[in-house]
Amino acid sequence: MDHNDAAARPRERVLVTAEQWYAGGERIPYDPDSARVLPGGPIRVFQRLVGADPGVDATWLTMLPGFPDGSYGWAQVDGMLGDDLGPRLYVEPVGQGDSDAPRKYRYSTMERADLVEALWRHHGVRRTVVVTFDYTSLALLELLRRKAFNAAMLGARLYSRNYTPSEEELAELRSAIIRRDGALFLHEAAGFVKEHRRHAQRWDLAAAARDLPDVAIYVGGSDEDPYEHRQVDAARARVPGADVLTFPGGHLTTSEHPDLLAAAIRDIASRHGVGPSKERR
């Protein structure tokens with residue numbers, strides 16, 4: 001059987017709907033000015049926790065989402081990770097999914113990095129394996145730069161040619177994207193491309209890897225991703241210490257091959273001390 005035919009063959013699975021995904025998390029108050037989770041914070045951000053046990057010092061798994069589907073993009077992967085892998089935290093940036101989408105708000109990579117740090121502080125996260133997808137990779141690069149003493153981080157072809165998402169899958173994706181005025185966010189967030197160019201020197205993965213030799217870096221990409229393939233090739237050439245993983249399919253690996261992505265995440269997480277969670281959902 002041809003490799004592409006096998007990759008494109010529909011898999012039997014129960015689709016997690018957007019409503020089910022958001023019902024499994026909560027909206028908490030957040031103050032972007034102080035970058036703190038605070039009672040009475042002016043906006044609400046969505047988070048989803050699995051296996052979090054207050055007071056237990058553990059290595060977490062932090063899941064940062066992509067554009068444009070937000071944390072819902074992890075919905076199909078989540079069930080395949082299993083209830084025993086944790087604690088894990090799914091972050092929903094302001095403007096996406098079930099987080100508020102203020103009309104007048106300074107959406108940026110810096111602001112998204114602030115939110116991640118705020119949630120880490122709120123939950124007492126001291127060690128974590130971070131999985132990013134798509135544009136939140138920039139937020140991770142910013143966080144790495146902060147860790148390194150601030151030293152110097154649809155005409156869209158989202159799916160591969162051989163993968164045809166079902167009408168149900170597309171409907172749920174749209175539901176996640178437009179939730180809470182999220183359509184407004186699409187225009188605002190598209191600026192991350194120019195933002196990346198402007199901060200290219202700061203968000204240089206090779207430089208971050210050199211400055212943080214104790215941080216393990218894994219870079220994943222898909223065979224037919226029209227956006228990220230150059231970055232994967234560049235990482236392979238410029239960051240020799242990084243482990244580069246290649247998946248079949250297009251940009252939305254989270255939709256096309258959640259099973260392969262989940263297996264890779266489980267393997268990486270287990271290498272770095274993320275163990276069976278203390279609680280079941």
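Summarised in this report is the structure supplied together with it. In every chain, residue numbers begin from 1 and rise along the written sequence. Whole-chain, interface and lining totals are the exception, using all residues; otherwise, since this is a predicted model, local features are given only for residues with pLDDT of at least 70 and side-chain atom pairs are given and counted only at 80 or more. Side-chain numbers here rest on the full set of heavy atoms in the structure, without hydrogens or water.

## Here's the deal with helix α5 (residues 136-147)
Alright, step 1. Counting from the N terminus, the helices are the DSSP runs of H or I reaching at least four residues and the strands are the DSSP runs of E reaching at least two. Every helix has an expected span of 1.5 Å times one less than the residues it contains. The terminal C-alpha atoms of α5, which comprises 12 residues, lie 17 Å apart, in line with the 16 Å expected from a rise of 1.5 Å per residue.
Alright, step 2. In terms of burial, α5 is largely enclosed, as 9 of its 12 residues are buried.
Alright, step 3. Considered for burial, the residues of α5 that qualify are Thr136, Leu138, Ala139, Leu140, Leu141, Glu142, Leu143, Leu144 and Arg145.
Alright, step 4. Of the surrounding secondary structure, the elements contacted by the buried residues of α5 are α4 (109-123), β6 (127-131), α8 (192-198) and α9 (205-211). Only protein chains enter the area calculation, which uses a 1.4 Å probe; residues under 20% of their type maximum are buried, those over 50% are exposed, and those in between are partly exposed. By definition in these notes, contact holds between two residues if any of their heavy atoms fall within 4.5 Å.

## Some words on empty space enclosed by the protein
Alright, step 1. Space inside the largest cavity adds up to approximately 80 Å³.
Alright, step 2. Considering the residues around the largest cavity, the lining is formed by Leu15, Asp69, Tyr72, Gly73, Gln76, Tyr159, Glu169, Leu173, Thr254 and Ser255.
Alright, step 3. Residues belonging to the lining of the largest cavity are distributed by class as follows: 4 nonpolar, 4 polar and 2 charged.
Alright, step 4. Using only the protein atoms, space was sampled on a 1 Å grid; points where a 1.4 Å probe fits but cannot get out form cavities, open sets with protein on both sides within 12 Å along at least five of seven lines form pockets, and lining residues are those with an atom within 4 Å of a point. Grid points are joined across faces, edges and corners, and a volume is the space filled by probe spheres set on the points. Counted as a void, the second largest cavity has a volume near 50 Å³.
Alright, step 5. Together, Leu64, Pro65, Val91, Pro93, Arg112, Leu115, Val116, Thr136 and Ala139 line the second largest cavity.
Alright, step 6. Elements represented by at least two residues in the lining of the second largest cavity include exactly α4 and α5.
Alright, step 7. The leading source of residues in the lining of the second largest cavity is α4, at 3 residues.
Alright, step 8. Under the scheme applied, nonpolar residues are Ala, Val, Leu, Ile, Met, Phe, Trp, Tyr, Cys and Pro; charged residues are Asp, Glu, Lys and Arg; polar residues are all the others, including Gly. In the lining of the second largest cavity, the residues fall into 7 nonpolar, 1 polar and 1 charged.

The values reported here are purely geometric and, on their own, carry no functional implication.
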